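Here is how the chains run, residue by residue.
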Amino acid sequence: MSARHQDGSAGDANYGVIGTNYRRYRQPDPHIAGFILKALGNARTVLNVGAGAGSYEPTDREVTAVEPSESMRAQRPAHLSQAIDGAAENLPFADGTFDASMATFTVHQWKDLQAGLAEMRRVTSGPVLVLTCDPARLDTFWLNDYAPEAISVEASRYPSMDAIAAGLGGSVDILPVPIPLACTDGFSEAYYGRPESLLDPGARLANSAWSFVDPSVGERFAKHLSDDLQSGRWDRQHGQLRSQPFFEGSLRLLVGRP
């Protein structure tokens, strides 16, 4: 495995740099959380891999969190358990330790997807949940008209649904997760009906894709979008999204059962 970043980040993104204000922009959304809680079923012990600041961890169960980035571990709120320093590909637990396990917005960061999924399956007796984005659906979002470079780099990083399903093995359900208009989890598509929000550099920084494109892309995006908002062009093309309750974008929940 390649060397980790200075703060311990084990993937391609350095959360010691981009994750400073992550919790400000990436708060768990109740609608999305509902899909996760339903899939967890009656599991009492839950492993959260690539746990970050703790988004979507259930508070009514015994949760063990694993997160390699010191910056992200430090942002976990006090009511959550302290995360263990570790990576998906080498989980320090015995076979079948947990009733269920989960990984949200993290598999695209892993060095070895198949090894990480195999480890989750090994230590889990019940369902393994993966919340991620389908790279084949990313270009349906209007951001592709303004910053195709950001969409392209995301599509190259996110594993396909087939690859994740193969790694999970057993029976796998792939569930589309509609994104609510007032989504509190600030991944890019969460702003589908609130374009002004993506003019905030901090909101973009909370999405790792922007750290892989030249800064000029963000500058061009902000000017282009600002001009189109001021002229009304964005609203003429996409204005219906401002009142659309949900957006059927790329968000998917994969649930693997042995």
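Residue positions within a chain follow its written sequence, with the count starting from 1. Per-residue local features of the predicted model are confined to residues with pLDDT of at least 70, and side-chain atom pairs are confined, for both listing and counting, to 80 or more; whole-chain, interface and lining totals are unaffected and use all residues. Side-chain calculation: all heavy atoms of the structure are included, whereas hydrogens and water are not.

Engineer: Could you give me a rundown of the pattern of salt bridges, with the residues and numbers involved?
Structural biologist: If charged atoms from side chains of opposite charge come close, those side chains can pair. Salt bridges are counted wherever a side-chain nitrogen of Lys or Arg sits within 4 Å of a carboxyl oxygen of Asp or Glu. Across all of its chains, the model carries 13 salt bridges by this definition. Put simply, Arg157 and Glu154 hold a salt bridge, and the shortest N to O gap is 2.6 Å. In this pair, Arg157 and Glu154 both sit in helix α7 (residues 148-157), three residues apart, roughly one turn of the helix. Where salt bridges share partners, they join Asp95, Glu119 and Arg122 into one cluster. Where helices and strands are cited, they refer to DSSP runs of H or I of at least four residues and of E of at least two residues respectively, numbered from the N terminus.

Engineer: Before we move on, can you summarise the nonpolar core with the specific residues and values?
Structural biologist: The definition of a nonpolar core used throughout is a set of buried Ala, Val, Leu, Ile, Met, Phe, Trp, Tyr and Cys residues joined through side-chain atoms within 4.5 Å. Under the scheme applied here, a residue whose accessible area is under 20% of the maximum for its type counts as buried, over 50% as exposed, and between as partly exposed, the area being computed with a 1.4 Å probe on protein chains only. Grouped together as the largest cluster of nonpolar side chains are 49 residues, with contacts concentrated most on Leu131, Trp142, Phe221 and Leu251. At five residues, helix α3 (residues 30-40) tops the list of elements feeding residues into this core. It only takes one pair of heavy atoms within 4.5 Å for two residues to be counted as in contact. Sequence-distant contacts of Phe221, that is, excluding residues within four places in its chain, are made with Trp142, Leu143, Tyr146, Ala147, Leu198, Arg204 and Trp210.

Engineer: Explain empty space enclosed by the protein residue by residue, including any values.
Structural biologist: In this analysis a 1.4 Å probe is tested at points of a 1 Å grid over the protein atoms alone, and where it fits but cannot get out there is a cavity; an open set with protein on both sides within 12 Å along at least five of seven lines is a pocket; lining residues have an atom within 4 Å of a point. Grid points are joined across faces, edges and corners, and a volume is the space filled by probe spheres set on the points. Scanning the entire structure with this criterion turns up two cavities of 30 Å³ or more. In terms of residue count, α7 provides more of the lining of the second largest cavity than any other element does, three residues in total. Here the lining of the second largest cavity is composed, by residue class, of 14 nonpolar, four polar and three charged. Three categories are distinguished: nonpolar for Ala, Val, Leu, Ile, Met, Phe, Trp, Tyr, Cys and Pro, charged for Asp, Glu, Lys and Arg, and polar for the others, with Gly belonging to the last.

Engineer: Explain α3 to me, using residue names and the numbers behind them.
Structural biologist: Residues of α3 that are buried include every one of Ile32, Ala33, Ile36, Ala39 and Leu40, and no others. End-on view of α3: buried residues confined to an arc of 125°, all on one side of the axis. Exposed and oriented more than 90 degrees from the buried face of α3 are Pro30 and Lys38. Residues adjacent in sequence count toward polar contacts only when both atoms are side-chain atoms; beyond that, a polar contact is any pair of N or O atoms within 3.5 Å, and within protein one must be able to donate a hydrogen and the other to accept it. Regarding α3, its N-cap is Asp29, as a side-chain oxygen of that residue lies 3.0 Å from the backbone nitrogen of His31 further along. Remark: Gly41 follows α3 within two positions and exhibits a positive phi of approximately 60°. Directions are taken from the helix axis to each C-beta atom, and the arc is the one they span.

Engineer: Go over the side chain of Thr64, please, and point to the residues and values.
Structural biologist: Structurally, Thr64 is set in strand β2 (residues 62-66). For Thr64, a relative accessible area of 19% puts it in the buried group. When neighbours within four sequence positions are excluded, Thr64 is seen to be in contact with Val46, Leu47, Asn48, Ile84, Phe93 and Phe98.

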